[in-house]
Amino acid sequence: MRWENLSPDSEHARADAALFGAEAVTTRTFDTPEFRGITFHEIRARSIVNRVPGASRMPFEWTVNPYRGCSHACVYCFARKTHSYLDLDTGLGFDSQIVVKVNAPELLHHRLASRSWHGEHIAMGTNVDCYQRAEGRYRLMPGIIEALRDHANPFSILTKGTLILRDLPLLRQAAEVTDVGVSVSVGFTDEELWRTVEPGTPAPERRLDVVRAFTDAGIGCGVLMAPVIPFLGDRPEQLRATVRAIAASGATSVTPLVLHLRPGAREWFMSWLAEHHPHLVARYERLYAEGAYAPRWYQRRITRQVHDLAREYGIGPARAGAPRRIPAPAPKEPELPTQLTLL
C-alpha cells in the first residue's frame, strides 16, 4: 500500500506531504461477528481537517474524516475512488479494508486551537460514514465532538448509522455553544432494494428511528433523501412512501439527491447492476453517457416530485449549505422582573 503517497489535499503522490508514514501503521483483525472479514489499518495521521477542492459541488469548505473505507458497503458510494490512492481495491477492499485515524480527536483539538484557524464550519460524514461499524470499537467521534464543543466551532454530521444516538448528550452540549447540523441519509424505504445496495447499513426504518429520537430530544434533524436510484427507486409510489415515512419521523427537512456515479464507484455499481438487473445496463449507459451525473432534466423531475410530496406531508427542503441549528435550551425565567433596553 502507498501509505507514503497519500497527501491531504491532492490525489497525486507527494511523499513530502504524506498524511502518515508506513512506520505509523498497525494492522488488526478482530474475530467477532460484527468485524469478521474486516481488516483495520490503525494510523497516526499528520492532519485531520481537510480543505474541499475548489471544483467540488459540496456547499462546505472543510471536512473531518476519521475513517477511510466503509463497512456500510453501499455499492454506489462515491468515496470508493479514494481507496485507489493507497493501492487498495475500490470494490470489496473499500468495504473491508478500513483505515482508522486513531489520533483524530487530538489532532482536531490542536488544529482548532491554532491561530491560523478561524472557526469555519466543518462537515463530517461527507466522504465515508463516521458512524460506521468501526466507530463502535474505536470511539473517535466523542473526542471529535468534544473538541468542536470546547472551541465552539460550528459543524454538521451526515450519517446512515444509528450509533450517533450514543453521542446525543455531547451533541446537545455542543448545540448550546455553536451551530450544529444533523442529517440522516435515507434514499428509499424499499426493503429489497436496501438489502442489495446498502447491505452493511442499518435498515431505513432504524435510521428514521434516529430522526425520531433527535426530534423527541428537541433537536432538529433533516433527511438527505439520497440516493434516488434511477429505475429502481424512483417510481412515484416509491418516492411517496419514502417521503411519507420521513415526514412521520418528524424530520425538519427532506433534500433529494439523485445517484451520481464517479469513477471508482461507477465501475463497481455497473458490475453490481449487470449481475442483479442486467436489463437496466443499457438504460444506465444512456442516462449517464455524459458523465457522473444524471441529466439535469431527470434531476429536476425528481426534485420537483419530492418537493411536491414534502409540501403535501408538511415538510420542506433544506436550504443548500445551511446548517440546521439545534436550539439551545430555553433560558430559565428570571426570579425578578427585568427592564428591557435597546442597548
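Description of the structure in this document. (Residues numbered from 1 in each chain as written. Predicted model: local features only at pLDDT ≥ 70, side-chain atom pairs only at ≥ 80, totals over all residues. Heavy atoms only, no water.)

### Concerning the pairing of strand β2 (residues 39-43)
- When you tally the buried positions in β2, you get five out of five residues, the bulk of the element.
- Of the two faces of β2, the one lined by T39, H41 and I43 and the one lined by F40 and E42 are each fully buried.
- Note: strand β1 (residues 25-29) against β2, five bridges, orientation antiparallel. Among the inter-strand pairings, V25 is bridged to a residue of β2, identified as I43.
- Here five bridges tie β2 to strand β6 (residues 97-101), and the two strands are oriented parallel to one another. By the bridge assignment for β6, I43 is matched with K101. (Buried < 20%, exposed > 50% of the residue type's maximum accessible area, 1.4 Å probe, protein only. Helix = DSSP H or I, 4+ residues; strand = E, 2+ residues; numbered from the N terminus. Pairing = 2+ DSSP bridges.)

### Examining the sheet that holds strand β9 (residues 180-185)
- Spatially, β3-β4-β7-β8-β9-β10-β11 is the arrangement adopted by the seven strands of the open sheet, whose pairing is mixed. The sheet is open, and its two borders are formed by β3 (49-51) and β11 (254-258), each paired with just one other strand. Going across the sheet, the axis of each strand differs from the next one's by a mean of 25 degrees, ignoring polarity.
- Pairing analysis gives three bridges linking β9 to strand β10 (residues 222-228), with the strands arranged parallel. Bridge pairing in β10 links S183 to G222.
- Lying over the sheet, helix α12 (residues 296-312) contacts β10 and β11, oriented at roughly 160 degrees with respect to β11. (Axes fitted to C-alpha atoms, helices over the stretch in contact; angles between N-to-C directions. Contact = heavy atoms within 4.5 Å.)

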